[in-house]
Amino acid sequence: MLRKIVAATLGLALAALVPPAFAQAPAKGDPVKLGLIDIYSGGFAFIADSIRTGFQIALDEANAAGGFKGRPFQLVTADMGAQVEKAVTEGRRMILEEKIKFVTVGIHSGAAIAVGNLGKEHKVLVLGGFATTKRLTGEAGHPYVARANLSTVEIGRVIAEY
């Protein structure tokens, strides 16, 4: 289920960038790098692995359809453990060294907010993949941060209705 949600979310995001597959050759040239920071070690690794697999499936499909203006997508991943500081270090590396312009933080809300601040500073889009804190797009939000799911407040409101 989680895999389907990740694939669908990334697929929708890429759909706006990728032309229809029927007229495209496989992507070639310099890659468009997309960053994914998540907890690949420890007890949450199985969730992060599912998210990474979903991303890779979506990117493989997009690349087979011609990529972005003929350029292939490349997934660059980093393990943050469960440490916000490590997520910030990896986010900074992706943005400054890898020149990545789109970074997703998987399941850690605190890390999504912290890396989101880097996005604001360097004008790079940061997506909170499964970050549910309302702070991400609420009081800590800005034009360079987005979320791919509902916040805990929105989830609670829906549950309360039933």
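Reference entry: report on the structure contained in this document. Since we're looking at a predicted model, the values are computed, not measured.

### Describing the nonpolar core
Counting residues in each nonpolar core, the largest one holds 24 residues, and the members touching the most others are Ile-37, Met-94, Val-103 and Val-115. Of all the secondary-structure elements, those providing two or more residues to this core are strand S2 (73-79), helix H3 (84-96), strand S3 (102-105) and helix H4 (109-122). Residues within four places of Val-115 in sequence aside, it is in contact with Ile-37, Ala-87, Val-88, Val-103, Val-105 and Val-126. Listed in part, the 15 residues of the second largest apolar core include Tyr-40, Ile-51, Ala-62 and Phe-102.

### Description of the environment of Gly-29
Note that Gly-29 resides in the loop between helix H1 (2-15) and strand S1 (32-38). Residues Gly-29 and Gly-67, 38 residues apart in the sequence, show an inter-C-alpha distance of 9.9 Å.

### Some thoughts on H3
The first and last C-alpha atoms of H3 sit 18 Å apart over 13 residues, in line with the 18 Å expected at 1.5 Å per residue. All buried positions along H3 are accounted for by Ala-87, Val-88, Glu-90, Gly-91, Met-94 and Ile-95. Seen from one end, H3 has its buried residues packed into an arc of 170°, which puts them on one side.

### Structural notes on the sheet that holds S2
Here five strands make up an open sheet; going across it, the order is S2-S1-S3-S4-S5 and the pairing parallel. Of all strands in the sheet, those bounded by a partner on one side alone are S2 and strand S5 (145-147). Put simply, the sheet's adjacent strands are angled 25° from each other on average, direction ignored. Looking at chain direction, strand S4 (residues 125-128) and S5 are connected through three bridges and run parallel. Counterpart to Leu-127 in the pairing with S5 is Ala-146. Set on the sheet, helix H2 (residues 45-64) makes contact with S1, S2 and S3; between it and S2 the angle comes to about 165°.

Cut-offs and rules
Residues numbered from 1 in each chain as written. Predicted model: local features only at pLDDT ≥ 70, side-chain atom pairs only at ≥ 80, totals over all residues. Heavy atoms only, no water. Core = buried A, V, L, I, M, F, W, Y, C linked by side-chain atoms within 4.5 Å. Buried < 20%, exposed > 50% of the residue type's maximum accessible area, 1.4 Å probe, protein only. Helix = DSSP H or I, 4+ residues; strand = E, 2+ residues; numbered from the N terminus. Contact = heavy atoms within 4.5 Å. Expected span 1.5 Å × (residues − 1). Arc of directions from axis to C-beta. Pairing = 2+ DSSP bridges. Axes fitted to C-alpha atoms, helices over the stretch in contact; angles between N-to-C directions.

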